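Residues per chain are reported as follows:
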Amino acid sequence: MSELTWLPAWQIAALIAKREVSCLEVTEHFLGRIEEFDPTLHAFEEVDHAGALAQARAADRAVAAGEELGDLHGIPTSVKSHIRVEGLHLRQGAQDELSDFDDIAVERLRRAGAIIVGTNTMMGAGANLAHDRAQPGVFSPFNWDAEARSPWDPERVPGWSSSGGAAAAAARLLPVTIGTDGGGSTRLPAAYSGVVGLHTSRGLIPHVDYRRPTMMLTASYGPLARDVRDVALFTRAMEGPDGRDYVAVQNEPLDCVEGLDRGVEDMRMGWTENFGFADTYATADSSRVIDVARAAAAGLATLGARVETVDEVWEDRAAIGTVGWTVEPSAYEVMVGTNQTPLQPLDPDLYRQQAASRARNWDHFREFFTRYDVLLSVTAQRIAATTSEWDRIWTIDGPSFPGGSFAPVYCSHTMLFNWLGFPAVSVPCGFVDGMPVGLQIAAWHGREDLVLRVAAAVQRAFPRDERPRVS
């Protein structure tokens, strides 16, 4: 059974379909890994042992009955703690309530046969929220007895927000977890943790919350896993139109699994060091980290891709306003007519400037993607911080960063694609000082098939088989 630990989810599903292993055996195996390693990693907010085992037994009955099985049949997974799972708690900051319905993404995961094991911790945004809402921008030290830790080095953090899911996927406490990305919160923990993390196009994976009605304008759902095909299969299971979501895609998306083995010959790729602005947010680690990602991008040329360095300049979202993060609709925009209100009112003049800047960037990318299939960059231009560094960054050093906050520094290479609603994936590409580095691959809206095709080629030609210390 120990061989299950590092098998990709798609291979485990094949074993289940051939009745070489049962869903119950798989679920018990990974529940055992959670029990063994989560006291160190703090990756889980809630684990539903009884519910997971009941789901696994039901899945085994479907196999025994010869029923048609979904792509994810019998695969245990978990979701970020602010994603609703019926019967489990939704926890985000002060919010803690028992959900009486599944999020659409969870509905679809169940329909594909996945087993929902529980929810993952959200560093800085979950039940142990450090942010004092009464003093915007002011943070207090984190509770490191409860926040997620990196399996590569438990004295370091696995990233912000989707941190628990990234740590769980890296240490293979589960084959795949589901994060959300409102500025890089799936890709950045993926880069710091040495896994694949996908930010999906606006509206690709639909969302509805009857208790707290919101529209996901710059945030997305996306899988975290060690294997690109697993990420693609989970994405395909969750994606597609849904009339309950006002901003969901209207047409069936392109198949993001079908082209994974096509390779990258003759694909047109641009490499950017910093989008023309991100060097403003460079740290002491940046040059060495970017060197690793640049080498990975150059490696794609050996596979037949046409890779060119581009010096084009995009506009920095964080450059407008004092901080630049509260002058336009939020990632989870409150719907009109509800009793919810935004945390801060919008400044009309700053919002107009942001909208105009966004339009210029959108036009720039529309033209850029007629010349190139994808844009390559580093995902995060620093390695994972230690817990003490992270406390200092938020409590002491924050106001000294450009824009008066660490947020633009943290999201320097990722936020642009949330702002515009374009897909981007982070794939492991190397290490600096023993800590993982990610290569980011971005494309035009709806082209998850392209970014995952390139990520699969990277993983196939330059595999990263290293396993973290805590695993």
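### Some details on the overall build of the chain
Counting its secondary structure elements, the chain contains 13 helices and 15 strands. A total of 471 residues make up the chain; the buried ones form 62% of that total. In the chain, of all internal contacts separated by at least 6 residues, the share reaching a separation of at least 24 is 78%. Within the structure as shown, the chain displays about 17900 Å² of accessible surface, and the carbon and sulfur contribution to it stands at 49%.

### Let's talk about helix α2 (residues 23-41)
Between its first and last C-alpha, α2 extends 25 Å over 19 residues, near the 27 Å set by a 1.5 Å rise per residue. For α2, the principal kink sits at Glu35 and spans about 35°; a proline, Pro39, occurs within the next four residues. Burial in α2 covers these residues: Cys23, Leu24, Val26, Thr27, His29, Phe30, Leu31, Arg33, Ile34, Phe37, Asp38 and Leu41. Looking at the packing, one finds that the buried side of α2 touches α1 (9-17), β1 (44-47), α3 (49-64), β2 (76-80), β5 (115-120) and α5 (163-170).

### Some words on the pattern of salt bridges
Applying the stated criterion to the full structure yields 28 salt bridges. Here Arg229 makes a salt bridge to Asp261, at a shortest N to O gap of 3.1 Å. Placement of Arg229 in helix α7 (residues 228-238) and of Asp261 in the loop between α7 and β10 (268-271) is noted, with a sequence separation of 32 residues between them. According to the relative accessible area criterion, Arg229 is partly exposed, its value standing at 22%. Shared partners join several salt bridges into a network, and the residues in it are Glu107, Arg108, Asp242 and Arg244.

### Details of the confidence of the model for the chain
Low pLDDT marks stretches whose predicted atomic positions should not be read closely. Looking at the chain as a whole, its pLDDT mean stands at 90, while 89% of the residues score no less than 70. Low pLDDT, under 50, characterises residues 336-343; the stretch is placed with seven contacts to residues that sit more than four places away or in other chains.

### Some thoughts on the side chain of Gln381
Among the structural elements, Gln381 can be located in the loop between β13 (374-378) and α10 (387-397). From its side chain, Gln381 meets the backbone oxygen of Ala278 in a polar contact 3.0 Å long. Within polar-contact distance, the side chain of Gln381 engages the backbone oxygen of Tyr281 at 3.4 Å.

### A closer look at the pairing of β10
Where β10 lies against strand β11 (residues 306-309), four bridges are found, and the strand directions are parallel. Within β11, the residue paired with Gly270 across the bridge is Glu308. For the handedness criterion, the β-α-β arrangement of β10, helix α8 (residues 286-301) and β11 is classed as right-handed. Sheet topology note: the β10/β13 ladder contains three bridges and is parallel. Bridging across to β13, Met269 finds its partner in Val374.

### With respect to the packing of aromatic side chains
Enumeration according to the criterion identifies 19 aromatic pairs in this entry. Following the ring pairs from residue to residue traces out a cluster consisting of Phe275, Phe277, Trp314, Trp362, Phe365, Phe368, Phe369, Tyr372, Phe417, Phe422 and Trp444. Taking the ring centre of Trp10 as reference, the NZ or CZ of Arg229 above it sits at 5.7 Å.

### Considering the pairing of strand β14 (residues 424-432)
In terms of residue burial, β14 counts as a mostly covered element, since eight of its nine residues are buried. Direction of pairing for strand β7 (residues 196-199) relative to β14: antiparallel, over a ladder of three bridges. The partner of Gly197 across the bridge, within β14, is Ser426. Bridging between β14 and strand β15 (residues 435-442) involves eight bridges; their strand directions are antiparallel. Residue pairing in the sheet places Ala424 in a bridge with Ala442 of β15. Taking the residues that link successive antiparallel strands as the turn, the β14-β15 hairpin has two residues, and the phi of Asp433 there is positive, at about 55°.

### Observations concerning the sheet that holds β7
Reading across the sheet, the eleven strands line up as β1-β5-β2-β6-β9-β7-β14-β15-β13-β10-β11 and stay open at both edges, with mixed pairing between neighbours. Across the chains shown, the open sheet's two edge strands, defined by having one partner strand only, are β1 and β11. Strand-to-strand twist in this sheet, taken as the mean axis angle between neighbours without regard to direction, amounts to 25°. Across the sheet, α8 is in contact with β10, β11, β13, β14 and β15; its angle to β14 comes to roughly 115°.

### A short note on the nonpolar core
Membership of the largest hydrophobic core comes to 139 residues, with the highest contact counts inside it found for Phe365, Trp390, Leu439, Ile441 and Leu452. Discounting residues that sit within four places of it in the chain, Leu439 has contacts with Trp271, Ala293, Ala296, Ala297, Leu376, Ser377, Thr379, Val425, Ser426, Val427, Cys429 and Val458.

### Some points on unusual backbone geometry
One non-glycine residue, His42, adopts positive backbone phi at about 50°. Positive phi, normally seen in glycine, also occurs at Asp266, with a value near 70°. Along the chain, Asp266 falls in the loop between α7 and β10.

### Here's the deal with the packing of helix α4 (residues 104-111) against α7
At a minimum axis separation of 8 Å, α4 and α7 run at an interaxial angle of 110°. Relative to α7, α4 is oriented roughly perpendicular. The crossing of α4 and α7 is right-handed. Facing Ala105, Arg108 and Leu109 of α4, the residues of α7 in contact are Phe234, Ala237 and Met238. Split into classes, the residues belonging to the contact of α4 with α7 amount to five nonpolar, no polar and one charged.

Basis of the calculations
Residues numbered from 1 in each chain as written. Predicted model: local features only at pLDDT ≥ 70, side-chain atom pairs only at ≥ 80, totals over all residues. Heavy atoms only, no water. Helix = DSSP H or I, 4+ residues; strand = E, 2+ residues; numbered from the N terminus. Buried < 20%, exposed > 50% of the residue type's maximum accessible area, 1.4 Å probe, protein only. Contact = heavy atoms within 4.5 Å. Areas by Shrake-Rupley, 256 points an atom, 1.4 Å probe, with all protein chains shown as cover. Expected span 1.5 Å × (residues − 1). Bend = angle between axes of the 7 residues up to and from the residue. Salt bridge = Lys/Arg side-chain N within 4 Å of Asp/Glu carboxyl O. pLDDT = per-residue confidence, 0-100. Polar contact = N/O pair within 3.5 Å; in protein donor to acceptor, adjacent residues only side chain to side chain. Pairing = 2+ DSSP bridges. Right-handed = clockwise from strand over helix to strand, strands pointing away. Phe/Tyr/Trp six-rings, centres within 6.5 Å; stacked < 30°, edge-to-face > 60°. Lys NZ or Arg CZ within 6 Å of the ring centre and 35° of its normal. Axes fitted to C-alpha atoms, helices over the stretch in contact; angles between N-to-C directions. Core = buried A, V, L, I, M, F, W, Y, C linked by side-chain atoms within 4.5 Å. Parallel < 35°, antiparallel > 145°, perpendicular 65-115°, else oblique. Left-handed = near helix turned anticlockwise from the far one by under 90°. Nonpolar A, V, L, I, M, F, W, Y, C, P; charged D, E, K, R; others polar.

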